[in-house]
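These are the residues of each chain, in order.
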Amino acid sequence: MIRRQVLTALAAALAAALALAACGQKPVEKAGPPTELTFSILSAENQASMQPLWQPLLDDMSAQIGVKVKPYFATNYTSLIEAMRFNQVQVGWFSALPALEAVRRADGEVLGRVIDAGGADSYTSVLIVKKGSGITLEDVLKCDKRYSFGIGDAKSTSGTLAPMTYLFTPRGIEPGACFKGVRSASHQTNVFSVANGVLDVATNNSVGLVFAARENPEVAAKIEVIWNSPPLPESSIVARKDLDPAIREKMRQFFLTYGTGTGPRADKQREVLKGLAYGGFRPADDTYLDPIREMEASEVLADAKRGGDAAKIAKAQAAFDEIRAKAAQRRAVNPDV
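Conventions and cut-offs
Residues numbered from 1 in each chain as written. Predicted model: local features only at pLDDT ≥ 70, side-chain atom pairs only at ≥ 80, totals over all residues. Heavy atoms only, no water. Pairing = 2+ DSSP bridges. Helix = DSSP H or I, 4+ residues; strand = E, 2+ residues; numbered from the N terminus. Axes fitted to C-alpha atoms, helices over the stretch in contact; angles between N-to-C directions. Expected span 1.5 Å × (residues − 1). Buried < 20%, exposed > 50% of the residue type's maximum accessible area, 1.4 Å probe, protein only. Salt bridge = Lys/Arg side-chain N within 4 Å of Asp/Glu carboxyl O. Phe/Tyr/Trp six-rings, centres within 6.5 Å; stacked < 30°, edge-to-face > 60°. Polar contact = N/O pair within 3.5 Å; in protein donor to acceptor, adjacent residues only side chain to side chain. Contact = heavy atoms within 4.5 Å.

(A) Representation of the sheet that holds strand β2 (residues 68-73) in the model. Sheet architecture is open: 6 strands sit in the order β2-β1-β3-β12-β4-β13, paired in mixed fashion. Every interior strand has two partners, whereas the edge strands, β2 and β13 (278-282), have only one. Here the strands of the sheet are splayed against their neighbours by 25 degrees on average, with no regard to which way each runs. Across 4 bridges, the pairing between strand β3 (residues 91-94) and strand β12 (residues 236-240) is antiparallel.

Below is the structure:
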(Lines give C-alpha, C1' and ligand atoms only; values in the text may rest on other atoms or scores of the structure.)
Protein backbone atom coordinates (compact mmCIF):
# COMPACT_ATOMS: atom_id res chain seq x y z
CA MET A 1 0.00 0.00 0.00
CA ILE A 2 2.77 2.44 0.93
CA ARG A 3 4.67 1.61 -2.25
CA ARG A 4 1.52 2.25 -4.32
CA GLN A 5 1.05 5.63 -2.64
CA VAL A 6 4.66 6.62 -3.34
CA LEU A 7 4.37 5.63 -7.00
CA THR A 8 1.10 7.56 -7.28
CA ALA A 9 2.75 10.67 -5.79
CA LEU A 10 5.73 10.39 -8.17
CA ALA A 11 3.40 10.05 -11.14
CA ALA A 12 1.48 13.13 -10.05
CA ALA A 13 4.67 15.12 -9.66
CA LEU A 14 5.84 14.07 -13.12
CA ALA A 15 2.49 15.02 -14.64
CA ALA A 16 2.68 18.41 -12.97
CA ALA A 17 6.16 18.98 -14.32
CA LEU A 18 5.06 18.07 -17.83
CA ALA A 19 2.07 20.36 -17.53
CA LEU A 20 4.32 23.27 -16.56
CA ALA A 21 6.55 22.59 -19.56
CA ALA A 22 3.51 22.48 -21.84
CA CYS A 23 2.34 25.83 -20.49
CA GLY A 24 5.30 27.58 -22.01
CA GLN A 25 8.13 27.09 -19.55
CA LYS A 26 11.31 28.13 -21.39
CA PRO A 27 13.84 25.39 -22.11
CA VAL A 28 17.37 25.79 -20.79
CA GLU A 29 19.39 27.64 -23.41
CA LYS A 30 22.77 26.39 -24.54
CA ALA A 31 25.77 28.45 -23.52
CA GLY A 32 26.93 30.85 -26.19
CA PRO A 33 30.44 31.11 -27.64
CA PRO A 34 33.17 31.58 -25.00
CA THR A 35 34.40 35.07 -24.18
CA GLU A 36 37.82 33.80 -23.10
CA LEU A 37 39.91 30.69 -23.76
CA THR A 38 42.83 29.27 -21.82
CA PHE A 39 45.72 27.76 -23.79
CA SER A 40 47.95 25.26 -22.00
CA ILE A 41 51.67 25.04 -22.63
CA LEU A 42 53.53 21.95 -21.54
CA SER A 43 56.50 22.13 -19.28
CA ALA A 44 59.38 21.20 -21.54
CA GLU A 45 60.89 24.55 -20.54
CA ASN A 46 60.13 26.92 -17.66
CA GLN A 47 57.49 29.66 -17.87
CA ALA A 48 59.99 32.52 -17.82
CA SER A 49 61.61 31.32 -21.03
CA MET A 50 58.46 30.06 -22.77
CA GLN A 51 55.92 32.83 -22.21
CA PRO A 52 57.73 35.47 -24.31
CA LEU A 53 57.90 32.95 -27.18
CA TRP A 54 54.23 31.92 -27.05
CA GLN A 55 52.55 35.23 -26.15
CA PRO A 56 52.84 36.79 -29.66
CA LEU A 57 51.18 33.71 -31.18
CA LEU A 58 48.39 33.79 -28.57
CA ASP A 59 47.85 37.50 -29.24
CA ASP A 60 47.57 36.80 -32.97
CA MET A 61 45.17 33.97 -32.23
CA SER A 62 42.99 36.21 -30.05
CA ALA A 63 42.77 38.79 -32.82
CA GLN A 64 41.88 36.25 -35.53
CA ILE A 65 39.25 34.19 -33.69
CA GLY A 66 37.71 37.14 -31.85
CA VAL A 67 38.12 35.62 -28.39
CA LYS A 68 40.74 36.49 -25.78
CA VAL A 69 43.28 33.67 -25.30
CA LYS A 70 45.37 33.51 -22.14
CA PRO A 71 48.23 31.08 -21.40
CA TYR A 72 48.34 28.39 -18.73
CA PHE A 73 51.67 26.88 -17.71
CA ALA A 74 52.06 23.72 -15.64
CA THR A 75 55.03 22.01 -14.05
CA ASN A 76 54.19 18.55 -15.39
CA TYR A 77 52.30 16.83 -18.18
CA THR A 78 49.63 15.26 -15.97
CA SER A 79 48.60 18.72 -14.75
CA LEU A 80 47.98 19.82 -18.34
CA ILE A 81 45.87 16.76 -19.12
CA GLU A 82 43.82 17.16 -15.95
CA ALA A 83 43.36 20.89 -16.60
CA MET A 84 41.82 20.09 -19.98
CA ARG A 85 39.81 17.23 -18.53
CA PHE A 86 38.13 19.58 -16.04
CA ASN A 87 37.75 22.36 -18.64
CA GLN A 88 40.21 24.66 -16.90
CA VAL A 89 41.89 24.90 -20.31
CA GLN A 90 40.16 24.52 -23.66
CA VAL A 91 43.08 24.24 -26.06
CA GLY A 92 46.80 23.58 -25.77
CA TRP A 93 50.15 22.51 -27.13
CA PHE A 94 50.93 18.89 -26.25
CA SER A 95 53.76 16.56 -27.13
CA ALA A 96 52.62 13.25 -28.60
CA LEU A 97 52.05 11.08 -25.51
CA PRO A 98 50.22 13.77 -23.51
CA ALA A 99 48.21 14.58 -26.67
CA LEU A 100 47.07 10.96 -26.82
CA GLU A 101 46.14 11.09 -23.13
CA ALA A 102 44.18 14.30 -23.72
CA VAL A 103 42.27 12.61 -26.56
CA ARG A 104 41.50 9.61 -24.35
CA ARG A 105 40.76 11.26 -21.04
CA ALA A 106 40.03 14.94 -21.61
CA ASP A 107 37.62 14.90 -24.56
CA GLY A 108 40.38 16.30 -26.76
CA GLU A 109 40.59 16.62 -30.53
CA VAL A 110 43.79 17.13 -32.51
CA LEU A 111 43.55 20.29 -34.65
CA GLY A 112 46.95 20.04 -36.30
CA ARG A 113 50.52 18.88 -35.81
CA VAL A 114 53.73 20.87 -35.62
CA ILE A 115 56.42 20.90 -38.29
CA ASP A 116 59.92 22.15 -37.56
CA ALA A 117 61.81 24.90 -39.32
CA GLY A 118 63.03 22.45 -41.96
CA GLY A 119 59.54 21.08 -42.63
CA ALA A 120 59.97 17.81 -40.69
CA ASP A 121 57.06 16.55 -38.60
CA SER A 122 59.18 14.38 -36.32
CA TYR A 123 62.01 14.68 -33.79
CA THR A 124 64.15 12.30 -31.74
CA SER A 125 64.72 11.32 -28.16
CA VAL A 126 68.37 11.45 -27.11
CA LEU A 127 70.72 10.47 -24.32
CA ILE A 128 73.17 13.16 -23.29
CA VAL A 129 76.40 13.13 -21.28
CA LYS A 130 78.90 15.81 -20.33
CA LYS A 131 81.34 16.51 -23.14
CA GLY A 132 84.75 15.06 -22.35
CA SER A 133 83.37 12.61 -19.78
CA GLY A 134 84.28 9.68 -21.99
CA ILE A 135 80.96 7.99 -21.24
CA THR A 136 79.73 5.95 -24.20
CA LEU A 137 76.43 4.22 -24.89
CA GLU A 138 78.19 0.89 -24.38
CA ASP A 139 79.29 2.05 -20.92
CA VAL A 140 75.72 3.04 -20.03
CA LEU A 141 74.27 -0.29 -21.18
CA LYS A 142 76.65 -2.25 -18.95
CA CYS A 143 74.31 -1.38 -16.08
CA ASP A 144 76.99 -1.60 -13.42
CA LYS A 145 75.51 1.24 -11.35
CA ARG A 146 78.42 3.54 -12.07
CA TYR A 147 76.30 6.40 -13.32
CA SER A 148 73.50 8.65 -12.12
CA PHE A 149 70.62 8.98 -14.58
CA GLY A 150 68.08 11.68 -15.36
CA ILE A 151 64.82 10.56 -16.92
CA GLY A 152 61.89 12.71 -18.03
CA ASP A 153 58.35 13.18 -16.77
CA ALA A 154 56.43 9.89 -16.70
CA LYS A 155 54.15 11.24 -19.49
CA SER A 156 57.02 12.55 -21.61
CA THR A 157 57.29 11.00 -25.07
CA SER A 158 60.99 11.64 -25.55
CA GLY A 159 62.03 11.79 -21.90
CA THR A 160 60.60 8.43 -20.84
CA LEU A 161 58.48 6.44 -23.33
CA ALA A 162 60.91 6.50 -26.27
CA PRO A 163 64.10 5.58 -24.38
CA MET A 164 62.25 2.80 -22.61
CA THR A 165 60.68 1.47 -25.82
CA TYR A 166 63.68 1.72 -28.11
CA LEU A 167 66.69 1.45 -25.81
CA PHE A 168 66.13 -0.09 -22.39
CA THR A 169 63.16 -2.48 -22.65
CA PRO A 170 64.47 -4.43 -25.69
CA ARG A 171 67.60 -5.14 -23.64
CA GLY A 172 65.69 -6.09 -20.51
CA ILE A 173 67.03 -3.04 -18.67
CA GLU A 174 65.17 -1.43 -15.78
CA PRO A 175 66.73 2.01 -15.07
CA GLY A 176 66.22 1.66 -11.32
CA ALA A 177 68.40 -1.46 -11.32
CA CYS A 178 70.86 -0.15 -13.90
CA PHE A 179 71.99 3.17 -12.43
CA LYS A 180 73.22 4.21 -9.01
CA GLY A 181 70.45 6.80 -8.91
CA VAL A 182 67.52 7.87 -11.11
CA ARG A 183 65.94 11.31 -11.00
CA SER A 184 62.88 12.54 -12.95
CA ALA A 185 62.98 16.15 -14.16
CA SER A 186 62.22 18.44 -17.10
CA HIS A 187 64.36 18.48 -20.23
CA GLN A 188 65.83 21.84 -19.28
CA THR A 189 66.76 20.67 -15.78
CA ASN A 190 68.40 17.55 -17.20
CA VAL A 191 70.50 19.62 -19.61
CA PHE A 192 71.80 21.81 -16.78
CA SER A 193 72.36 18.82 -14.50
CA VAL A 194 74.47 16.97 -17.06
CA ALA A 195 76.38 20.08 -18.12
CA ASN A 196 77.24 20.87 -14.48
CA GLY A 197 78.17 17.31 -13.55
CA VAL A 198 75.18 16.74 -11.25
CA LEU A 199 74.04 13.85 -13.45
CA ASP A 200 76.18 11.56 -15.59
CA VAL A 201 73.54 10.65 -18.20
CA ALA A 202 70.07 11.97 -19.00
CA THR A 203 67.30 11.80 -21.55
CA ASN A 204 66.35 14.78 -23.68
CA ASN A 205 65.26 15.46 -27.25
CA SER A 206 66.48 17.11 -30.42
CA VAL A 207 64.10 20.07 -30.04
CA GLY A 208 65.13 20.66 -26.44
CA LEU A 209 68.76 20.79 -27.52
CA VAL A 210 67.91 23.46 -30.10
CA PHE A 211 66.38 25.60 -27.35
CA ALA A 212 69.35 24.94 -25.06
CA ALA A 213 71.85 25.99 -27.73
CA ARG A 214 69.93 29.21 -28.36
CA GLU A 215 69.07 30.18 -24.78
CA ASN A 216 72.18 28.89 -22.97
CA PRO A 217 74.94 28.28 -25.53
CA GLU A 218 77.66 27.93 -22.89
CA VAL A 219 75.68 25.21 -21.13
CA ALA A 220 74.76 23.45 -24.38
CA ALA A 221 78.40 23.41 -25.41
CA LYS A 222 79.17 21.22 -22.39
CA ILE A 223 76.99 18.28 -23.47
CA GLU A 224 77.06 15.69 -26.22
CA VAL A 225 74.62 13.10 -27.57
CA ILE A 226 75.43 9.39 -27.32
CA TRP A 227 72.11 7.95 -28.58
CA ASN A 228 69.26 8.98 -30.89
CA SER A 229 65.88 7.26 -31.10
CA PRO A 230 63.95 6.54 -34.29
CA PRO A 231 61.77 9.50 -35.40
CA LEU A 232 58.92 10.44 -33.04
CA PRO A 233 55.70 12.26 -33.99
CA GLU A 234 56.01 15.98 -33.32
CA SER A 235 53.77 17.85 -30.90
CA SER A 236 50.24 18.98 -31.74
CA ILE A 237 47.48 21.43 -30.92
CA VAL A 238 44.59 19.81 -29.05
CA ALA A 239 41.20 21.38 -28.26
CA ARG A 240 38.21 20.14 -26.29
CA LYS A 241 35.53 18.61 -28.49
CA ASP A 242 32.74 20.40 -26.65
CA LEU A 243 34.14 23.81 -27.51
CA ASP A 244 31.86 25.93 -29.70
CA PRO A 245 32.24 24.37 -33.21
CA ALA A 246 32.64 27.74 -34.94
CA ILE A 247 35.40 28.78 -32.54
CA ARG A 248 37.13 25.41 -32.84
CA GLU A 249 37.15 25.66 -36.62
CA LYS A 250 38.50 29.23 -36.46
CA MET A 251 41.33 27.95 -34.28
CA ARG A 252 42.06 25.12 -36.70
CA GLN A 253 42.28 27.53 -39.62
CA PHE A 254 44.39 29.92 -37.58
CA PHE A 255 47.06 27.30 -36.95
CA LEU A 256 47.01 25.76 -40.42
CA THR A 257 47.48 29.15 -42.09
CA TYR A 258 49.80 30.74 -39.54
CA GLY A 259 53.05 31.88 -41.11
CA THR A 260 51.90 31.14 -44.65
CA GLY A 261 51.51 33.54 -47.53
CA THR A 262 53.39 36.76 -48.26
CA GLY A 263 53.51 40.26 -46.87
CA PRO A 264 54.49 41.92 -43.58
CA ARG A 265 51.90 40.01 -41.52
CA ALA A 266 53.09 36.60 -42.73
CA ASP A 267 56.72 37.66 -42.24
CA LYS A 268 55.96 38.66 -38.64
CA GLN A 269 54.23 35.35 -38.01
CA ARG A 270 57.20 33.43 -39.36
CA GLU A 271 59.42 35.30 -36.91
CA VAL A 272 57.14 34.15 -34.10
CA LEU A 273 57.40 30.57 -35.35
CA LYS A 274 61.16 30.90 -35.59
CA GLY A 275 61.26 31.77 -31.89
CA LEU A 276 59.43 28.51 -31.17
CA ALA A 277 61.76 26.59 -33.53
CA TYR A 278 58.72 25.78 -35.69
CA GLY A 279 58.09 25.97 -39.41
CA GLY A 280 54.31 25.94 -39.02
CA PHE A 281 51.45 23.49 -38.60
CA ARG A 282 50.09 20.64 -40.72
CA PRO A 283 46.58 19.09 -40.80
CA ALA A 284 46.26 16.06 -38.53
CA ASP A 285 43.87 14.04 -36.42
CA ASP A 286 44.59 11.57 -33.65
CA THR A 287 45.60 8.82 -36.10
CA TYR A 288 48.96 10.55 -36.38
CA LEU A 289 49.53 9.32 -32.82
CA ASP A 290 49.47 5.65 -33.91
CA PRO A 291 53.24 5.25 -33.32
CA ILE A 292 52.68 6.29 -29.70
CA ARG A 293 49.90 3.71 -29.36
CA GLU A 294 52.28 1.04 -30.67
CA MET A 295 55.05 2.15 -28.31
CA GLU A 296 52.70 2.00 -25.33
CA ALA A 297 51.43 -1.44 -26.32
CA SER A 298 54.96 -2.76 -26.77
CA GLU A 299 55.83 -1.60 -23.24
CA VAL A 300 52.74 -3.34 -21.82
CA LEU A 301 53.70 -6.51 -23.68
CA ALA A 302 57.27 -6.36 -22.43
CA ASP A 303 56.04 -5.86 -18.87
CA ALA A 304 53.73 -8.86 -19.21
CA LYS A 305 56.60 -11.00 -20.50
CA ARG A 306 58.73 -9.97 -17.53
CA GLY A 307 55.93 -11.08 -15.22
CA GLY A 308 55.70 -14.48 -16.87
CA ASP A 309 51.90 -14.80 -16.64
CA ALA A 310 50.81 -16.61 -19.82
CA ALA A 311 47.29 -15.14 -19.80
CA LYS A 312 48.56 -11.58 -19.40
CA ILE A 313 51.16 -12.14 -22.12
CA ALA A 314 48.51 -13.44 -24.52
CA LYS A 315 46.21 -10.50 -23.77
CA ALA A 316 49.01 -7.96 -24.21
CA GLN A 317 50.16 -9.62 -27.44
CA ALA A 318 46.63 -9.56 -28.86
CA ALA A 319 46.26 -5.87 -27.97
CA PHE A 320 49.63 -5.04 -29.52
CA ASP A 321 48.80 -6.96 -32.72
CA GLU A 322 45.41 -5.24 -32.99
CA ILE A 323 46.90 -1.75 -32.56
CA ARG A 324 49.65 -2.47 -35.09
CA ALA A 325 47.16 -3.88 -37.62
CA LYS A 326 44.86 -0.87 -37.31
CA ALA A 327 47.80 1.51 -37.70
CA ALA A 328 49.01 -0.34 -40.80
CA GLN A 329 45.53 -0.22 -42.29
CA ARG A 330 45.29 3.54 -41.72
CA ARG A 331 48.73 4.08 -43.24
CA ALA A 332 47.69 2.11 -46.31
CA VAL A 333 44.69 4.41 -46.77
CA ASN A 334 46.61 7.58 -45.94
CA PRO A 335 50.42 7.25 -46.29
CA ASP A 336 50.89 10.79 -44.93
CA VAL A 337 49.63 9.80 -41.46
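(B) Geometry of helix α13 (residues 290-307). The end-to-end C-alpha distance of α13 is 26 Å, a good match for the 26 Å that 18 residues give at a rise of 1.5 Å each. All of the buried residues along α13 are Asp290, Ile292, Arg293, Glu294, Met295, Glu296, Ala297, Glu299, Leu301, Ala302 and Ala304. Looking one or two residues past α13, Gly308 carries a phi angle of roughly 80 degrees, positive in sign.

(C) Spatial organisation of the pattern of salt bridges. Under the definition given, this model contains 25 salt bridges. Notably, a salt bridge pairs Glu322 with Lys326, separated by 3.2 Å at the nearest N-O pair. A residue pair is termed a helical-turn pair when its members lie 3 or 4 positions apart in one helix, as Glu322 and Lys326 do in helix α14 (residues 310-333) at 4 residues. Judged by relative accessible area, Lys326 falls into the partly exposed class, the value being 42%. Where salt bridges share partners, they join Glu82, Arg85, Glu101, Arg104, Arg105, Lys155 and Glu296 into one cluster.

(D) Highlighting the packing of aromatic side chains. Going through the model one piece at a time under the given rule, you end up with 12 aromatic pairs. An angle of 40 degrees between the planes, with centres 5.5 Å apart, marks the rings of Phe39 and Trp54 as tilted. Of this pair, Phe39 sits in strand β1 (residues 36-41) while Trp54 sits in helix α2 (residues 47-65), and the two are 15 residues apart along the sequence. Trp54 carries the same exposure label as Phe39, and that label is buried. Seen from their ring centres, Phe168 and Phe179 are 6.2 Å apart, and the 80 degrees between their planes marks the pair as edge-to-face. Separated by 11 residues along the polypeptide, Phe168 in helix α6 (residues 157-168) and Phe179 in the loop between α7 (175-178) and β8 (181-184) bring together distant segments of the chain. Residue Phe168 shares its accessibility class with Phe179, and that shared class is buried. Clustering of aromatic rings is evident, with ring pairs tying together Phe39, Trp54, Trp93, Phe254, Phe255, Tyr258, Tyr278 and Phe281.

(E) Inspection of the side chain of Asp121 at higher detail. Considering the arrangement of structural elements, one finds Asp121 in the loop between β4 (108-116) and β5 (122-123). A distance of 2.8 Å separates polar atoms of two side chains, one belonging to Asp121 and the other to Arg282. Discounting chain neighbours no more than four positions away, the residues touching Asp121 are Arg113, Val114, Ile115, Leu232, Pro233, Glu234 and Arg282.

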